[in-house]
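Remarks on the overall topology
The chain contents come next:
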Amino acid sequence: MEKVIKDNKEWQQALSPDEYKITREKGTERAFSGEYWDKHDAGEYLCRCCGLPLFESEQKFDSGSGWPSFTHPVTRSHVSEETDSSHGMCRTEVLCARCDAHLGHVFPDGPGPEGLRYCINSASLDFKEGPQRSENSDDG
């Protein structure tokens, strides 16, 4: 996959101040404040910065956390992970694999077979309404 690379000024022009703070400066929106935390429509969640498909609504669940939560990404290769030791914690940060946008974090307390909860900021996502993809999206 070809990387999307822009300088800070280009990202600031393309994103709202909140979107920039969250996706480019690793910010976090307040719980229960984002556009998609309580969205239940069928469709696909894309990276706000580059449009890469990240999650499907069929993998979304109500974690009670106040952020959109998913059991797994559309395709494992569409997200990357890094260790985040900020704020006195050790967490696993989730990034868009194409543009390195900060998406949120993944935790080992989800309901799916892998037991993962991808806790994602709404400001990191765009939603595309429509039917789910029919192929198996788990490519390891």
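This text gives an overview of the structure that appears in the document.

Each value, and the rule that gives it
Residues numbered from 1 in each chain as written. Predicted model: local features only at pLDDT ≥ 70, side-chain atom pairs only at ≥ 80, totals over all residues. Heavy atoms only, no water. Helix = DSSP H or I, 4+ residues; strand = E, 2+ residues; numbered from the N terminus. Rg over C-alpha atoms; globule rule 2.2 N^0.38 Å. Buried < 20%, exposed > 50% of the residue type's maximum accessible area, 1.4 Å probe, protein only. Contact = heavy atoms within 4.5 Å. Lys, Arg positive; Asp, Glu negative; His and termini not counted. Charge placed at Lys NZ, Arg CZ, Asp CG, Glu CD. Disulfide = S-S within 2.5 Å. Core = buried A, V, L, I, M, F, W, Y, C linked by side-chain atoms within 4.5 Å.

Here we come to the overall build of the chain. Of the regular secondary structure elements, the chain holds two helices and nine strands. Along the chain, helices and strands appear, N-terminal first, in the series α-α-β-β-β-β-β-β-β-β-β. Over its C-alpha trace the chain gives a radius of gyration of 14 Å, about what one expects of a compact globule, namely 14 Å for 140 residues. For the chain, the spread of C-alpha atoms along the principal axes amounts to about 40 × 35 × 30 Å. A buried classification covers 48% of the 140 residues belonging to the chain. The long-range share in the chain, meaning contacts at least 24 apart out of those at least 6 apart in sequence, stands at 57%. Taking the 16 positively charged and 26 negatively charged side chains of the chain as two groups, their mean positions are separated by 4 Å.

In protein structure, a disulfide is the covalent linkage between the sulfur atoms of two cysteines. A complete count under the given rule lists zero disulfides for this structure. Distance from the sulfur of Cys90, which forms no disulfide, to the nearest cysteine sulfur (Cys119) is 16 Å. Take Cys90: its relative accessible area is 65%, and that puts it in the exposed class. By relative accessible area, Cys119 is classed as buried at 10%.

Attention now moves to the nonpolar core. Counting residues in hydrophobic clusters, the biggest one holds 23 residues, and the most contacted among them are Cys47, Leu54, Phe55, Cys96, Cys99 and Leu125. Looking at this core, the elements that each hand over two or more residues are strand E1 (43-47), strand E2 (53-56), strand E6 (91-96), strand E7 (102-107), strand E8 (117-120) and strand E9 (125-129). Setting aside its immediate chain neighbours within four residues, Leu125 contacts Tyr36, Tyr45, Leu46, Arg48, Leu54, Phe55, Phe70 and Ile120.

The next point concerns helix H2 (residues 17-25). Looking only at H2, the buried set comprises Glu19, Tyr20, Ile22 and Thr23. Buried residues belonging to H2 abut helix H1 (8-14) and E7. Note on H2: the residue one or two positions beyond its end, Lys26, has a positive phi of about 60°.

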